[in-house]
Amino acid sequence: INEKYVRIARERGVDAFLIEGDTLPFSDRSFDSVLLFEVLEHLPDPDRVLREARRVARKNVILTTPNSEGVAELQSMGLLFEHFGDLDHRNFFTPESLTRLLEKHFGKVSVRKGDGINPLALMPWKPVRFLGAGLKRFGLLKPRFHFRLFAVAEV
C-alpha cells in the first residue's frame, strides 16, 4: 500500500506490487504459501485479509502476530513489550483468539508460542543474565511469557 516502498523494492530487484482496494491482482490459488508476518494486529478487518489470503493460497497461510497473553500481568510488574506501544495496533491476539479467528477461514490451524522471554535477562547483573541464557538454551528455564505467536493455517 506504500508506493515509495514498492518503488524501492522494485529498484532492488523485488517483484513488488502496489495494492489498491480489497482484492489482490492474482488468480485463485496463485501461491503455495501466503506470508502475513506482523500484519493482522494492524488491520481494521483481519477477516477480509484472511479471506483474500486463503483465496490466493494453494497450501497454507503462515503468519505471526505479537502475543497479547499476559500483557496485564507484565504491566503490573512495570514491564511491557516495546512493540505493544505501537499506536497503530488495532487487534491483540492470544493463542486462543488467534486460533478462533483462523478456524473461521481454514480447515486445519496450528498456533504456537515463540520467542520466550528469559526472565533472568531482565536482571542488572551480567553473570545472572548469562546464566539465564545458558539455562534457556538447554531447556532448563521455561519462559512464562512469549513475545510472538506463530501460526500455520492450511487451505
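Predicted model, so just to flag it, every value in this text is computed and none were measured.

Procedures and definitions
- Residues numbered from 1 in each chain as written.
- Predicted model: local features only at pLDDT ≥ 70, side-chain atom pairs only at ≥ 80, totals over all residues.
- Heavy atoms only, no water.
- Helix = DSSP H or I, 4+ residues; strand = E, 2+ residues; numbered from the N terminus.
- Buried < 20%, exposed > 50% of the residue type's maximum accessible area, 1.4 Å probe, protein only.
- Contact = heavy atoms within 4.5 Å.
- Areas by Shrake-Rupley, 256 points an atom, 1.4 Å probe, with all protein chains shown as cover.
- Lys, Arg positive; Asp, Glu negative; His and termini not counted.
- Charge placed at Lys NZ, Arg CZ, Asp CG, Glu CD.
- Phe/Tyr/Trp six-rings, centres within 6.5 Å; stacked < 30°, edge-to-face > 60°.
- pLDDT = per-residue confidence, 0-100.

Enquirer: Looking at this model, I keep getting lost on the overall build of the protein. Mind explaining?
Expert: From N to C terminus, the protein includes five helices and four strands. When the helices and strands of the protein are placed in sequence order, the string is α-β-α-β-α-α-β-α-β. Each principal axis of the C-alpha atoms in the protein carries an extent, and together these give about 55 × 40 × 30 Å. With 155 residues in all, the protein has 34% of them scored as buried. Summarising the internal contacts of the protein: among those between residues at least 6 apart in sequence, 73% fall at separations of at least 24. Carbon and sulfur atoms form 56% of the exposed surface of the protein, whose accessible area is close to 10200 Å². Taken together, the 24 basic and 21 acidic charged side chains of the protein have centroids lying 6 Å from each other.

Enquirer: Explanation requested: the packing of aromatic side chains in the structure shown.
Expert: Scanning the model with the defined rule gives two aromatic pairs in all. Between Phe17 and Phe26, the aromatic rings sit 5.1 Å apart at their centres with planes inclined by 90°, giving edge-to-face as the arrangement. Taking relative accessible area as the criterion, Phe17 reaches 38% and is therefore assigned partly exposed. Between the aromatic rings of Phe26 and Phe31, the centroid separation amounts to 5.0 Å while the plane-to-plane angle is 80°, which identifies the pairing as edge-to-face. For Phe31, a relative accessible area of 33% translates into the label partly exposed.

Enquirer: Please clarify how the confidence of the model for the protein should be interpreted in this entry.
Expert: Low pLDDT means the predicted coordinates in that region are not meant to be read closely. Taken residue by residue, the protein gives an average pLDDT of 88. The fraction at 70 or more is 91%. Taken element by element, the predicted model of the protein shows its lowest mean pLDDT in helix H3 (residues 71–76) (70) and its highest in helix H4 (residues 95–103) (98).

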